[in-house]
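Structure assessment
Spelled out, the chains give:
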Amino acid sequence: MSWRSTRCRTTPLPSCTRSTERTCGTRTRRSPPCASCTTAPTTRSWMCSSSMASSHRPTSRPRIGAPSPAARGFAPRCCHMFGLGIYLADLSQKSHRYCSQPELLPNGRRRFRMVLCSVLGRALEVAGHLKYKEAMHDVCNVRAVGDELKDMIEPHCCSVPSKHAVEGADLLAVKGLGGAVRPGYSVVNSEYIAYHPYQCLPKYQITYEV
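The following refers to the structure shown. Residue positions are counted from 1 within each chain, in the order its sequence is given. Local features in this predicted model are restricted to residues whose pLDDT is 70 or higher, and side-chain atom pairs enter the listing and the counts only when it is 80 or higher, whereas totals over whole chains, interfaces and linings include all residues. Hydrogens and waters are ignored; side-chain quantities use all the structure's heavy atoms.

**A short note on the pairing of strand β8 (residues 171–174)**
- Exposure categories follow from relative accessible area, calculated using a 1.4 Å probe and restricted to protein chains: below 20% of the type maximum is buried, above 50% is exposed, and the middle band is partly exposed. A run of DSSP states H or I qualifies as a helix once it reaches four residues; a run of E qualifies as a strand once it reaches two. Both are numbered from the N-terminal end. The alternating pattern of β8 places Leu171 and Ala173 on one face and Leu172 and Val174 on the opposite face, and all of these are buried.
- Only strands joined by at least two bridges in the DSSP assignment are considered to pair. For strand β5 (residues 110–126) and β8, the ladder comprises four bridges, and the chain directions are parallel. Looking at the pairing, Leu124 lines up with Leu172 of β8.
- In this sheet, strand β9 (residues 191–194) lies alongside β8 in antiparallel orientation, the contact comprising four bridges. Bridged to Val174 within β9 is Glu191.

Rendered as structure tokens:
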């Protein structure tokens, strides 16, 4: 797909005071991104395809939530590779691959929707391959992994994070391995998993045509 052929529109989403306070509170701050196999508090903006943004489907478009996506929040739907969570990306092309059921336009183009979110949490970066495809399918949060992570991940050019590092995190940052990827066991481009809906605050809906 050529991204030069797209038409794009960004729409601010309605805010939700309760959701904002739970997500950000008074401790919101920016900090350096986490290093390999370490944790660091972070508030960053990542993208989520609208087909995964909410388990609720209103009768009218947009399908990302009604009346307010921030009020409805997010719900895990179909991704299980690294556990039951909300999968996000810092690369728009990656999120686009998960945008399903686009709106077909009379001119033959397709209209997609993507959500830009602020995500709060302490990220644990993992670089490696799953030891078997279902190794992390049932993970419901980072801290639940504990010292079992070494039995789930085969590290790539680093060591497996310690139990102490795991227990201090509430986001999982899976590092993309590029050409070293093993399909089904690791990812080409990085992705991020939030295991709690209140960690994700939808800010903008991006509508684009291809």
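The discussion continues.
**Some remarks on the nonpolar core**
- Within the largest apolar cluster, 21 residues are counted, with the highest numbers of intra-cluster contacts made by Phe82, Leu124, Met136, Leu149 and Leu172.
- Secondary structure elements with two or more residues in this core: β5, α5 (163–167) and β8.
- Buried Ala, Val, Leu, Ile, Met, Phe, Trp, Tyr and Cys residues form a nonpolar core when they are joined through side-chain atoms within 4.5 Å. The next biggest cluster of nonpolar side chains, apart from the first, holds 12 residues, and it includes Ile86, Ala123, Leu171 and Cys200.

**Some remarks on the pairing of β5**
- Among the 17 residues in β5, 12 count as buried, and that is most of the element.
- Across two bridges, strand β4 (residues 103–104) lies against β5 in antiparallel orientation. Within β5, the position partnered with Leu104 by the bridge is Arg110.
- Linking β4 to β5, which pair antiparallel, is a turn of five residues; within it Gly108 sits at a positive phi near 90 degrees.
- Bridge count between β5 and strand β10 (residues 200–209): nine bridges; the pairing is antiparallel. Among the inter-strand pairings, Ser118 is bridged to a residue of β10, identified as Leu201.

**Structural notes on the pattern of salt bridges**
- Salt bridges are counted wherever a side-chain nitrogen of Lys or Arg sits within 4 Å of a carboxyl oxygen of Asp or Glu. This structure, assessed with the given rule, holds six salt bridges.
- Residue Arg111 pairs with Glu209 through a salt bridge whose shortest N-O separation is 3.0 Å. Here Arg111, found in strand β5, pairs with Glu209, found in strand β10; they are 98 residues apart in sequence, far enough to count as distant.
- When its relative accessible area of 23% is taken as the criterion, Arg111 is described as partly exposed.
- Salt bridges sharing partners connect three or more residues here, namely Glu103, Arg109, Arg111, Arg113 and Glu209.

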